[in-house]
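Take a look at the letters that make up each chain.
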Amino acid sequence: MAQPQKTQDASTDAEQSPEVREKVEMARTFAFHLLKGIKQIGMYRHNEARFPEFLSKALEAISQYTEKFGPLSLKVEQQNLTLHNDSLFSEDTPLPYKFYRDGIRQLIFRPGLTVEELTTFTLISLSEPERGADDVLAQLWRAGMEHVEYVVVEGFSMENASEEEVQVEVDKVVGYLYSRLQTNSDDYLRFARVSAEDLDAKMDGVEQIRGLVVGGRHASDELKARLQREVMEEEGSRLFPKLVSAVFQVVEGGVEDGTLLEEIFVQLLDMLLLQDDFGTINQIVLKLRALSQKDGGQSLEKLLESFLHRMGEEQRLMRLGESLKGARPKQPQDVTRYLQALGRDSVIPLLTVLETLEIPENRALLCDALAIVARDTPEPFVARLTSDRPQTVRDMVYILEKSNHPERIKMFGQVLKSPNLVVKLEVLGIIGRGRTGEARRLVAEALADPVSQVRMLAARMLPEFDRDKAYSDLMRIIREPAFDKKTPDERTAFYAAVGATGTPGALSHMQQLLAVKPSLLNKKRVLEDKLLAVSGLAGACSIQSYKMLQAVVEDRNQPVELLTAGRKAMYQTRKALFGDSALPEEN
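Cut-offs used in this document
Residues numbered from 1 in each chain as written. Predicted model: local features only at pLDDT ≥ 70, side-chain atom pairs only at ≥ 80, totals over all residues. Heavy atoms only, no water. Helix = DSSP H or I, 4+ residues; strand = E, 2+ residues; numbered from the N terminus. Buried < 20%, exposed > 50% of the residue type's maximum accessible area, 1.4 Å probe, protein only. Contact = heavy atoms within 4.5 Å. Areas by Shrake-Rupley, 256 points an atom, 1.4 Å probe, with all protein chains shown as cover. Axes fitted to C-alpha atoms, helices over the stretch in contact; angles between N-to-C directions. Left-handed = near helix turned anticlockwise from the far one by under 90°. Nonpolar A, V, L, I, M, F, W, Y, C, P; charged D, E, K, R; others polar. Salt bridge = Lys/Arg side-chain N within 4 Å of Asp/Glu carboxyl O. Pairing = 2+ DSSP bridges. Arc of directions from axis to C-beta. Polar contact = N/O pair within 3.5 Å; in protein donor to acceptor, adjacent residues only side chain to side chain. Parallel < 35°, antiparallel > 145°, perpendicular 65-115°, else oblique. Phe/Tyr/Trp six-rings, centres within 6.5 Å; stacked < 30°, edge-to-face > 60°. Lys NZ or Arg CZ within 6 Å of the ring centre and 35° of its normal.

## Quick word on the overall build of the protein
Consideration 1: Helix and strand counts for the protein come out as 29 helices and 7 strands.
Consideration 2: Across the 587 residues that make up the protein, the buried fraction comes to 42%.
Consideration 3: A separation threshold of at least 6 residues defines the contact pool for the protein, and within that pool the share at least 24 residues apart is 63%.
Consideration 4: Carbon and sulfur atoms make up 50% of the accessible area of the protein, which amounts to about 33200 Å² in all.

## Considerations on the packing of helix 27 (residues 523–540) against helix 28 (residues 543–554)
Consideration 1: Running from amino to carboxyl end, helix 27 crosses helix 28 at an angle of 145°, the nearest separation of the two axes being 8 Å. Taken as a pair, helix 27 and helix 28 cross one another with a handedness that is left-handed. In contact with Val534, Leu537, Ala538 and Ala540 of helix 27, helix 28 contributes Ser545, Met548 and Leu549.
Consideration 2: Looking at side-chain class alone, the contact of helix 27 with helix 28 contains 6 nonpolar, 1 polar and no charged residues.

## Concerning the pattern of salt bridges
Consideration 1: In the structure shown here, the tally under the stated rule is 22 salt bridges.
Consideration 2: The salt bridge partner of Glu22 is Lys68, with a shortest N-O separation of 2.3 Å. Taken as a pair, Glu22 in helix 2 (residues 18–43) and Lys68 in helix 4 (residues 56–69) lie far apart in primary sequence, 46 residues in all.
Consideration 3: By relative accessible area, Glu22 is classed as partly exposed at 29%.
Consideration 4: The exposure class assigned to Lys68 is exposed, which follows from its relative accessible area of 51%.

## Brief notes about the sheet that holds strand 5 (residues 148–152)
Consideration 1: On the basis of which strands lie adjacent, the open sheet formed by 5 strands has the order 3-2-1-4-5 and antiparallel pairing. With one partner strand each, in any of the chains shown, strand 3 (86–87) and strand 5 form the two edges of the open sheet.
Consideration 2: In this structure, strand 1 (residues 72–76) lies alongside strand 2 (residues 81–83), joined through 2 bridges in antiparallel fashion. Bridge pairing in strand 2 places Lys75 opposite Thr82.
Consideration 3: Where helix 7 (residues 136–143) meets the sheet, its contacts fall on strand 4 (104–109) and strand 5, and the angle it forms with strand 5 comes to roughly 140°.

## Some thoughts on helix 7
An α-helical turn contains 3.6 residues, so a residue and the one three or four places further along point in the same direction.
Consideration 1: Of all the positions in helix 7, only Val136, Leu137, Gln139 and Leu140 are classed as buried. Along helix 7, the residues classed as buried sweep out an arc of 160° about the axis, all on the same side.
Consideration 2: For helix 7, the elements touching its buried residues are helix 5 (95–101), strand 4, helix 6 (115–126) and strand 5.
Consideration 3: Of the residues that open helix 7, the one with a side-chain oxygen 3.2 Å from the backbone nitrogen of Leu137 is Asp135.
Consideration 4: Remark: Gly144 follows helix 7 within two positions and exhibits a positive phi of approximately 60°.

## Concerning the packing of helix 14 (residues 314–326) against helix 15 (residues 332–340)
Consideration 1: One way to put it is that helix 14 packs onto helix 15 with a least axis distance of 13 Å and a crossing angle of 160°. Classified by the angle their axes make, helix 14 and helix 15 are roughly antiparallel. When you trace helix 14 past helix 15, the crossing you get is left-handed. Counted together, Leu317, Leu320 and Leu324 of helix 14 and Val335, Tyr338 and Leu339 of helix 15 form the full contact between these two elements.
Consideration 2: Its residues placed into classes, the contact of helix 14 with helix 15 shows 6 nonpolar, no polar and no charged.

## Remarks on the packing of aromatic side chains
Consideration 1: Using the criterion set out here, one finds 8 aromatic pairs in the structure.
Consideration 2: An angle of 15° between the planes, with centres 5.4 Å apart, marks the rings of Phe99 and Phe121 as stacked. With a gap of 22 residues between them, Phe99 in helix 5 and Phe121 in helix 6 connect regions that are remote in the sequence. Here the two residues Phe99 and Phe121 agree in accessibility, since each one is buried.
Consideration 3: Pairing Phe483 with Tyr495 gives two aromatic rings, centres 6.3 Å apart and planes at 50°, and the pair type is tilted. With Phe483 in the loop between helix 24 (467–478) and helix 25 (488–500) and Tyr495 in helix 25, this pair connects stretches of sequence that are 12 residues apart. Just as Phe483 is buried, Tyr495 falls in that class too.
Consideration 4: The ring of Tyr100 is capped by Arg105, whose NZ or CZ atom sits 3.8 Å from the centre of that ring.

What follows is the structure in structure tokens.
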């Protein structure tokens with residue numbers, strides 16, 4: 001294939017500036033390699049692995065252009081692509097006509113074009129709608145390439161004018177409007193000031209357009225929904241970052257009116273909160289922090305403090321709560337970073353927000369962020385441990401536990417006075433994981449709790465601290481006269497806890513109970529004590545206790561109830577000790 005050639009005569013080139021000529025030459029080089037790559041891919045469609053290789057030179061050429069001059073905007077004609085009225089292809093080719101036929105009049109390649117996007121564009125160029133493929137415009141919509149854009153003109157008709165005449169004038173109008181969207185100046189809102197007078201003055205030779213009729217197909221609901229999603233994605237991925245970048249260019253350029261600058265950032269913050277764009281807010285904080293650390297950044301440091309304070313104001317945290325009420329955030333790590341940037345003044349409003357959330361994952365996200373503050377400022381969380389709402393108490397316990405505050409076990413002691421049984425049991429379980437002297441003291445005190453379920457849980461947990469002390473505390477309660485008045489379940493739980501201590505005294509006590517011979521008057525009491533002893537041996541769960549249970553089962557003189565309980569305890573002990581090798585339970 002021939003190398004790219006100039007298509008304009010010398011007189012035309014002489015009229016162009018050196019920069020324009022350089023742009024045209026670089027664009028021709030890109031067009032040459034693109035057309036060559038398209039032909040190679042067309043011949044080797046079966047070898048997809050080589051597509052990037054075929055397009056490598058075209059990608060290199062467009063990258064050189066965009067790095068030096070920014071986006072490359074090509075005008076689409078029926079047989080060629082043009083830049084500054086110069087044709088890029090040395091000979092007519094059917095490639096532009098596929099785009100021209102679908103109303104595409106501008107192709108824009110932006111900086112950052114990837115080989116995947118260029119490959120997709122090439123495959124769209126090779127498609128054949130006349131043989132059943134989707135039209136080029138539909139394929140471009142579906143591809144959604146970030147760095148390839150296009151301008152479409154479709155369905156314009158005017159009274160007393162042919163389609164060709166209308167098309168020429170519409171092309172001029174669209175070309176002017178698109179040029180207003182391009183700027184390298186500091187006036188970022190230049191494109192918003194397009195007036196009818198400007199357009200009329202620019203369109204030399206174009207008559208006034210009256211009685212204009214726009215024809216075309218009605219958009220389906222599916223197309224409308226897709227367009228709305230794409231507009232929202234475009235707004236989030238490009239519009240807001242560009243706006244933030246523009247604001248920071250103003251900041252770095254120097255602004256004397258600090259009040260005005262602060263107001264700009266507050267309005268930007270509110271706008272981003274309405275969009276749930278916490279990632280961009282975090283980027284603003286990082287950028288302000290970096291600028292404030294530079295020489296002469298004292299004013300920006302004050303701006304950063306003001307921005308963080310506004311982030312933590314009640315009304316904005318309530319907006320955050322509204323966002324977390326509806327659904328789980330798409331980027332929870334962005335919400336976490338937002339919360340971690342807030343100061344201590346935000347704790348109370350955040351606790352109010354926490355009470356309004358129902359989604360467990362969002363509650364946990366907010367609790368994790370508050371746990372960082374709770375280590376240094378536990379008072380607001382401790383004050384809510386006595387709340388009437390069980391969920392609030394659970395959240396406060398979770399926050400204090402995760403904060404690793406050294407006094408958190410002592411704080412949990414207040415919850416054990418709560419009238420809510422479920423909360424008391426949950427907190428007692430958390431206290432039991434502390435393995436500290438303070439935690440043991442609270443568990444031991446729970447042995448005298450008014451609620452039997454709390455006493456039973458405390459008895460089961462006590463051997464996990466000091467076994468000898470646990471044996472002493474439990475036996476003291478067992479020997480009290482009031483112990484016989486407790487429910488069978490509670491007495492069984494206490495004996496199982498005594499056995500779990502594994503002390504020689506515990507096993508000796510169980511053996512003594514099993515060795516008692518019943519008389520006619522105390523037969524029922526002796527049987528109850530022996531059943532408690534079996535529960536204690538099951539709680540011990542050791543080889544020694546297993547052998548003692550085996551001796552009980554082998555004694556056929558024992559009552560049926562005791563033999564049944566002994567076999568069940570043997571099965572449970574064997575399974576706990578040996579796993580799958582345990583024998584099946586006997587009835």
